[in-house]
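Geometric and topological summary
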Amino acid sequence: MTTAEMQTQVKSIIDNEYGTSVFAVLNSNEGLLLKKFLPDDTLKTKIGEMLEEVLRNNYLDEEAQVDSSDNIADNSKIFYEIVQNADYQPFVFLDTFDSVTDSYSESDVEHIMGFAFRLNVNDSGIWLYQQLAHPQMIKRSRHLYAMLSQNKIYTVLDRDILRIESKIDCLVLGRSIITNKIDLMQRSFHFEKFVRNEASKTIGLISAMEIVDNLDRFIALGDRKALTNAKKLMKAKHSPVLRMDKIILLEKLRTLPRYKDKLEIDNGKIKIINQKQAIEFIKMLNDSILRSELTDAEYDSTVKTELPPIQ
């Protein structure tokens, strides 16, 4: 999904007279589920206005940028698109919203995880997810709270209070999750499973190319607890290097100063003896080394934009 496509979908809702539905997202033994959150008309209107402002200031800003989640290793401060599939669909519970009948109550307070807001025009709609943090919840059972009544007398607050914040953690458009909160996805939505699955696809492409003598080091990198190298493997899935002719690639690696002393070639294959060599191979796939024409120095750059040829 391009930035323009994302913004078009958002504008198609908020530039029209849209309705706002609010759901509580609960973490149950059966997984995530929805319950209706019932605001009065004034609160519902204020929620819609607040969320629209966030959408316009962040997602519709002219500086907003959407990139594929394959490139999260770049760590850019942009929005990433995570496309849900059969192996990873953390927001599939949203599909049940039409059949939800139960309403949120104080008995659910220990299980609430966040809010799901649906902005819709006729049958079209977009979802906005907001994670609930502990400071957003005032629990009267833990402290004694007082509120000022209309006659200027303080009375005991006898209900829990939830704060709805002016933020959107995830925008869900169809099967696409648009977010810049990758840490939240990892912490609450098992995003590491998605990353490792995609990294394994890159390892499969490397295997099919029959250009390395040992895949074990790549598998070990993908399985590390920290996702740093698994993310780099995922990014390499679309590498044009993997689609090069094997003979031409090996010849370039034998002659290019950057690689000829780092990647050892023997009997028509690249020897991968240790994880350091595996990491160098991944850098090569991601073509992450830049040479400055001004200084002749080399830089490890994970973010590159291809420029048009010099005329």
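Just above, that's the structure.
From a predicted model like this one, the values you see are computed outputs, not experimental measurements.

Calculation notes
Residues numbered from 1 in each chain as written. Predicted model: local features only at pLDDT ≥ 70, side-chain atom pairs only at ≥ 80, totals over all residues. Heavy atoms only, no water. Helix = DSSP H or I, 4+ residues; strand = E, 2+ residues; numbered from the N terminus. Buried < 20%, exposed > 50% of the residue type's maximum accessible area, 1.4 Å probe, protein only. Contact = heavy atoms within 4.5 Å. Areas by Shrake-Rupley, 256 points an atom, 1.4 Å probe, with all protein chains shown as cover. Phe/Tyr/Trp six-rings, centres within 6.5 Å; stacked < 30°, edge-to-face > 60°. Pairing = 2+ DSSP bridges. Salt bridge = Lys/Arg side-chain N within 4 Å of Asp/Glu carboxyl O. Axes fitted to C-alpha atoms, helices over the stretch in contact; angles between N-to-C directions.

Some points on the overall build of the protein chain
Assigned secondary structure in the protein chain consists of nine helices and 16 strands. Looking at the protein chain as a whole, 42% of its 311 residues are labelled buried. Taking contacts inside the protein chain between residues at least 6 apart in sequence as the whole, the part at least 24 apart equals 67%. By element, 49% of the accessible surface of the protein chain is carried by carbon and sulfur atoms, the whole surface being about 18,100 Å².

With respect to the packing of aromatic side chains
Taken as a whole and judged by the stated rule, the model has 15 aromatic pairs. Here F23 and W127 contribute two aromatic rings whose centre-to-centre distance is 5.7 Å and whose plane-to-plane angle is 50°, an arrangement assigned as tilted. Remark: W127 occurs in strand 6 (residues 124–131) and F23 occurs in strand 1 (residues 19–28); sequence separation between them is 104 residues. Take W127: its relative accessible area is 7%, and that puts it in the buried class. When the centroid spacing of 5.7 Å and the interplanar angle of 35° are considered together, the rings of F37 and Y104 count as tilted. You can see F37 sitting in the loop between strand 2 (31–36) and helix 2 (41–59) and its partner Y104 sitting in the loop between strand 4 (79–83) and strand 5 (112–121), a full 67 residues away along the chain. Per residue, the accessibility class of F37 equals that of Y104, and both read buried.

Overview of the pairing of strand 1
Alignment of strand 1 against strand 5, held across eight bridges, turns out to be antiparallel. Directly across from A24, in strand 5, lies its bridge partner F115. The pairing of strand 1 with strand 2 spans six bridges and is classified as antiparallel. Considered in strand 2, the bridge of N27 is made with L32. Taking the residues between adjacent antiparallel strands as the criterion, strand 1 and strand 2 are bridged by two residues.

Some thoughts on the pattern of salt bridges
Here the structure, examined in full by the defined rule, presents 14 salt bridges. D15 is the salt-bridge partner of K11, the closest N and O atoms lying 3.1 Å from each other. Among the ionic pairs, E52 bridges to R56, the shortest N-O distance being 3.0 Å. Highlighted residues: E52 and R56, both in helix 2, separated by four residues, approximately one helical turn. A residue is classified by how much of its surface remains accessible, and R56, at 32% relative accessible area, is partly exposed. One continuous salt-bridge network, built from bridges that share partners, spans R163, E165, K167, D169 and K181.

A short note on unusual backbone geometry
Notably, N122 is not glycine yet its phi reads approximately 55°, a positive angle. Note on placement: N122 falls in the loop between strand 5 and strand 6. The residue E210 is not glycine, and still its phi comes out positive at about 55°. Relative to the elements of secondary structure, E210 occurs in the loop between helix 4 (191–209) and helix 5 (216–223).

Topic: the sheet that holds strand 6
One open sheet accounts for eight strands, arranged 2-1-5-6-11-12-4-3; its pairing is mixed. Strands with a single pairing partner mark the edges of an open sheet, and in this sheet they are strand 2 and strand 3 (66–68). When strand polarity is set aside, the average angle formed by the axes of neighbouring strands in this sheet is 30°. Sheet contacts for helix 2: strand 1, strand 4, strand 5, strand 6, strand 11 (170–173) and strand 12 (176–179); angle to strand 1, the most-contacted strand, approximately 90°.

None of the figures reported here should be taken as evidence of function without further support.
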